[in-house]
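Chain and residue survey
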Amino acid sequence: MNNAVNDGVWSGSWVAERLGVGLVGDDGLPALLGLALRRNPKRAHLLVSNVLGKHVPQSPAVVHDHGVRLGRRVRDLLGEAEAAGAVVLGYAETATGLGHCVADGLGGAPYLHSTRRPVPGLAPAGGFEEVHSHATSHLLLPEDPGLLAGDGPLVLVDDEFSTGNTVLNTIRDLHRRYPRRRYVVVALVDMRAPGDTERLRRFAADIGARVDVVATASGTVRLPPDVLEKGQELVARYTSAAGGDTGADGPARPARPSAGPDAPHGRPGRITRVDLHWPSGLPDGGRHGFTPAHRARLEAALPALAGRIRDSLPAGARRVLVLGSEELMYAPLRLARELEGTTDAEVRFSTTTRSPVLAVDDPGYAIRTRLVFPAHDDPADGPGERYAYNVAGGGFDAVVAVVDSAGDTPALHAPGGLLAALAAHTPHVLLAVVPSYAPAPPRAPERPAMLPEPLRGPAFSSYPTDEVGWLLQDLSDVTLEAPTEEREEAIQRGGAHYAESLPVEYQPSARYQELFHAALEESAARLAQAVGVVTETVLAERTRPAPDAAAPASRPVLVSLARAGTPVGILMRRWARFRHGLDLPHYAVSIVRGRGIDATALRWLAAHHDPRDVVFVDGWTGKGAITRELAQAVARFEAEEGITGFDPEIAVLADPGSCVRTYGTREDFLIPSACLNSTVSGLISRTVLRADLVGPDDFHGAKFYRELAAADVSVAFLDAVCARFDEVAGTVEVAVKELLAADRTPTWEGWRAVERISEEYGIHDVNLVKPGVGETTRVLLRRVPWKILARAGAGADLDHVRLLAEQRGVPVEEVADLPYTCVGLIHPRYTRGATGADGKAVNV
């Protein structure tokens, strides 16, 4: 039932016939792959590997040998000298075992795989997004911080190479941190289209590195234009026919009659625990790194480990499945292979997964049955369903479930848990638990007893002293500015991070200044209402009652994300004083995409205020990148520092991306402070994070542009909005009542729209798509824009965008169904000779 060909039928034929999907390429592709339908709105089809050991039970020798052979091909490609310095990186969850096998074949290479399981006290060495996946965020958590820092080849291993987006995201992130000269991408199947292949070639040239691809077989997937809609309709139809797709064994239509030990039992199978005596201190896999020394220890221990499983099998067992658990693939695989060589039983190997796939009991379909059970390892992304495919109906006399100790929880043993689901389909279930490897937390270095004090105006910024305290260090005397074109090229090549330098401050022309003042006059009341709504929402939801009647209530502490959030924080502070007579503390801190929030600033805040009172404030959301960055950074800070209570929720004036719960409006309109840079932000630059200027106990840096005082409109902007507070007070009261009663759950519509635009325009990097009026303005002022997408019929809100685009020679393309008022596209392959945006300086 679980082979590539069943009774002469290819296990992809069911999908191919109904959706028009086809494989074109090497003759061996049908033997390697079948097809199924995803329960995923981003992609309709799933390539189901017959040799990976994930969805289809397979001989463990076949699974291991496919990876080892790929590793040997990489070694031959690199040569002995380069292979000796290589590091192998596998992708969670599907390729964690395959990557480990490639490292085995490469010989002597340390191995690391990405993970979706954060570890308290362990700072990520990198991370990236797998945009088409069911669970997108990956972390890299090596125990040895230097594992990825060498200059030897990095070998990236995934089960399939479909578009190359995930690999490009990974290399882009890591190359910024640890640049190297060579990368090798390894997959069982390379299914890229010609355009994807060319994109990888250009990307390699842009970063100045060599990128090779090694695959067992190659080809392409032929997809009709309407495949996503047809796939979703087909999934819905078969799910409905199965009564909601909620059954334990979950075939999407009645399964063929089965008999024998694999049939559901009136009496559950017996569950027995096997004590493996796993070697102390030996990692269970590559989540935190697996060295050649670890490999040698495992090889020596395997005979005894597998022997304990063999001795616990029921007498006469003819067919045995060793079932791994999500990212835990390699240890169960090696146990299964050792068992296969020392018992007469037919041994198969597969693992559970978090990927939801439709099951159809048809010989031409790759996923015949599925078991459904709740997650049992307390996942960071919350509870949810997990699955084991092609286990029910597999004819197994015994199933050996191998989990790590983090997954050995009451949920595993509960009536609806994995063990019970297995026991319904086999007479014997053996549970083998591998200790979860937990790296020792790094020793915290000695820190200064005194943290630096906030900077305040007029010594730092043009804001009055009481308006904001800047948790920053003054870098005004350091030359940090670089031409926009040089910065863009360095950032996209991976040679620099955007926060390591500053763009030259744009000085607006007289015509542009007129647009700013006109926009401010036009929108001041609208802004005042948004300020009132978001402030009243914060006061209603973030004011904590006093512990006793005699004490005052605990009020929010506003912490703006510098610099765009700072004027908003000041306006919120002014509204609280205007409406309630409250003087809320207000600070500005730095957050940097890809680097996180300023940990020294958080330590200062925790030392001076209750973290539970802190409310992070920003101007607007785009696609939600900073929202995600802040959540990850706060979790990392709490794990490393042991200081808890910070709520990573951001309060914003405008949330067009639907990324937060606390906002003044979700409309995408012009916030005039987005039109300018420092001259509307207290004459403060964007924040700077550079290792030679900012130590581990320093605040991030910024510059105070005193020389621009003649053009400063920072306080004038605030006063113009505050002057409208009184006239909007009544409408604010009504709007807040409605908002507090509404469902404000983020839908992340903006992120999905950006993914769609990134693919449609051939950019393939969500970081280069900047949605919304504010983000588009930033692109035109600070980056090298490629083109601007404007919603058809957008009016005066885009006058300044059109002017900036005209000054920079950037085309503006009207789009009928754009979900934002406008979207800025950064040049996706920028060099100073690039076409599409000429890089000329802004006219002033």
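In case you missed it, the structure is sitting above this.
Residues numbered from 1 in each chain as written. Predicted model: local features only at pLDDT ≥ 70, side-chain atom pairs only at ≥ 80, totals over all residues. Heavy atoms only, no water.

Observations concerning the overall build of the chain
Looking only at helices and strands, one finds 21 helices and 34 strands in the chain. Relative to its full complement of 844 residues, the chain shows a buried share of 61%. Looking at the chain as shown, the accessible area adds up to about 31,300 Å², and 52% of this sits on carbon and sulfur atoms. (Helix = DSSP H or I, 4+ residues; strand = E, 2+ residues; numbered from the N terminus. Buried < 20%, exposed > 50% of the residue type's maximum accessible area, 1.4 Å probe, protein only. Areas by Shrake-Rupley, 256 points an atom, 1.4 Å probe, with all protein chains shown as cover.)

Structural notes on the pairing of strand β17 (residues 385-389)
Within β17, four of the five residues are buried, which leaves the element mostly enclosed by the surrounding structure. The pairing of strand β16 (residues 370-374) with β17 spans five bridges and is classified as antiparallel. By the bridge assignment, P374 is partnered in β17 with E385. (Pairing = 2+ DSSP bridges.)

Focus: the sheet that holds strand β10 (residues 154-161)
Judged by pairing direction, the sheet is mixed, and its six strands sit side by side in the order β3-β12-β11-β10-β6-β7 without closing on themselves. Here the strands that pair on one side only, and so sit at the sheet edges, are β3 (22-25) and β7 (111-113). Between one strand axis and the next, the sheet turns by 30° as a mean value, whatever way the strands run. Strand direction decides the pairing type here: strand β6 (residues 87-90) and β7, joined by three bridges, are parallel. Residue pairing across strands places G90 opposite H113, the latter belonging to β7. (Axes fitted to C-alpha atoms, helices over the stretch in contact; angles between N-to-C directions.)

Overview of helix α9 (residues 330-340)
In terms of burial, α9 is largely enclosed, as eight of its eleven residues are buried. Taken together, the buried positions of α9 are occupied by Y330, A331, P332, L333, R334, L335, A336 and L339. Residues of α9 that are buried in the fold lie against α3 (60-83), α4 (96-106), α8 (292-312), β14 (319-325), β15 (346-352) and β18 (398-404). (Contact = heavy atoms within 4.5 Å.)

Comments concerning the side chain of T679
Among the secondary structure elements, T679 is positioned in the loop between β29 (662-665) and β30 (701-702). Residue contacts for T679: discarding those within four places in its chain leaves L708, A711, D712, V713 and S714.

Regarding the packing of aromatic side chains
Applying the stated criterion to the full structure yields 13 aromatic pairs. Note on F460 and W470: the rings are 6.0 Å apart at their centroids and 80° apart in plane angle, and the pair reads as edge-to-face. Separated by ten residues along the polypeptide, F460 in the loop between β19 (428-434) and β20 (469-470) and W470 in strand β20 bring together distant segments of the chain. One exposure class covers both F460 and W470, and it is buried. The rings of F460, Y463, W470 and F704 are connected pair by pair, giving a single aromatic cluster. The cationic tip of K787 hangs over the ring face of W786; the distance from NZ or CZ to the ring centre is 4.8 Å. (Phe/Tyr/Trp six-rings, centres within 6.5 Å; stacked < 30°, edge-to-face > 60°. Lys NZ or Arg CZ within 6 Å of the ring centre and 35° of its normal.)

Focus: the nonpolar core
L37, V88, V155, V186, L276 and Y365 are the most contacted members of the largest nonpolar core, which has 112 residues in total. With seven residues, strand β11 (residues 182-190) is the largest single contributor of residues to this core. Every residue in contact with L276, bar those within four places of it in the chain, is listed here: L305, R308, I309, L335, A432, V433 and V434. Of all hydrophobic cores here, the second largest spans 102 residues; its members include V568, Y663, F704 and L780. (Core = buried A, V, L, I, M, F, W, Y, C linked by side-chain atoms within 4.5 Å.)

Quick word on the sheet that holds strand β34 (residues 822-826)
The sheet built from four strands is open, its strands ordered β31-β34-β32-β33 with mixed pairing. Since the sheet does not close on itself, it has two edges, and those belong to β31 (769-771) and β33 (812-815), each with one partner. Taking the axes of each pair of neighbouring strands and ignoring which way they run, one obtains an average angle of 20° across the sheet. Two strands pair when backbone bridges link them, and strand β32 (residues 785-791) and β33 are joined in this way by four bridges, in the parallel orientation. Within the sheet, the bridge partner assigned to I788 lies in β33 and is V812. Here helix α19 (residues 749-760) sits on the sheet in contact with β31, β32 and β34, set at roughly 140° to β31.

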